[in-house]
Amino acid sequence: MATTRSDSLTLEVVELIGTVVARYYEEYDEAAAAHSLTGAQARVLGLLALEPMPMRRIAQKLKCEPSNVTGIVDRLESRGLVERRPDPADRRVKLAAPTERGTRTARELRDSLTFAREPLAELSDADRTMLRDLLRRMLGEAGPASVAPSAP
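The next subject is the nonpolar core. Within the largest apolar cluster, 24 residues are counted, with the highest numbers of intra-cluster contacts made by I58, V73 and V82. The greatest single-element share of this core, amounting to five residues, is contributed by helix α2 (residues 39–50). Dropping the residues within four chain positions of it, V82 is found in contact with L45, L48, V73, L76, E77, A96, A97, P98 and T99.

Next comes the structure, spelled out in structure tokens:
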């Protein structure tokens, strides 16, 4: 049975994690608003700029209901930023994909971010590897043991 920790160090770490997440979303929402998008619309557009995908997969990645994603994609489609097209691997499945304008908007959004684009910029490769491994442990994901790269 896991023990509960409420010491000051644990509380500070939890608070810092919350602050990092809040700062990421705050900056993303501000960048989205500059393009008259909601934060959720910007995140969907950013995902689709990486690769077209079905609504169900978008919902899985964003940890939300597929019906929510359908509404977001509908609004992006009405603005000419996203289109639906048949999946070449299974024509019964529709993929959401960015239009040329959507790809350009996603790039502009990404380029306008500072902290959210690269929140780990100040950390070395070894620090990022350690952080990743610690976060995996927190989430109960064993993952392969990795050797931290040596610092330059």
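The next point concerns the layout of surface pockets. What the largest pocket holds in volume is close to 830 Å³. I17, V20, L120, L131 and L135 are the residues nearest the centre of the largest pocket, which is lined by 18 residues in total. Going through the elements one at a time, α1 (8–33) and α6 (125–138) are the ones with two or more residues in the lining of the largest pocket. Its residues assigned to classes, the lining of the largest pocket comprises 16 nonpolar, no polar and two charged. In this structure, the second largest pocket occupies an estimated 400 Å³ of space. Taken together, 17 residues form the lining of the second largest pocket, with Y24, Y28, R43, G46 and L47 sitting closest to its centre.

Rules and cut-offs
- Residues numbered from 1 in each chain as written.
- Predicted model: local features only at pLDDT ≥ 70, side-chain atom pairs only at ≥ 80, totals over all residues.
- Heavy atoms only, no water.
- Core = buried A, V, L, I, M, F, W, Y, C linked by side-chain atoms within 4.5 Å.
- Buried < 20%, exposed > 50% of the residue type's maximum accessible area, 1.4 Å probe, protein only.
- Helix = DSSP H or I, 4+ residues; strand = E, 2+ residues; numbered from the N terminus.
- Contact = heavy atoms within 4.5 Å.
- 1 Å grid on protein atoms, 1.4 Å probe; cavity = no way out; pocket = protein on both sides within 12 Å on 5 of 7 lines; lining within 4 Å.
- Points joined across faces, edges and corners; volume = space filled by probe spheres on them.
- Nonpolar A, V, L, I, M, F, W, Y, C, P; charged D, E, K, R; others polar.

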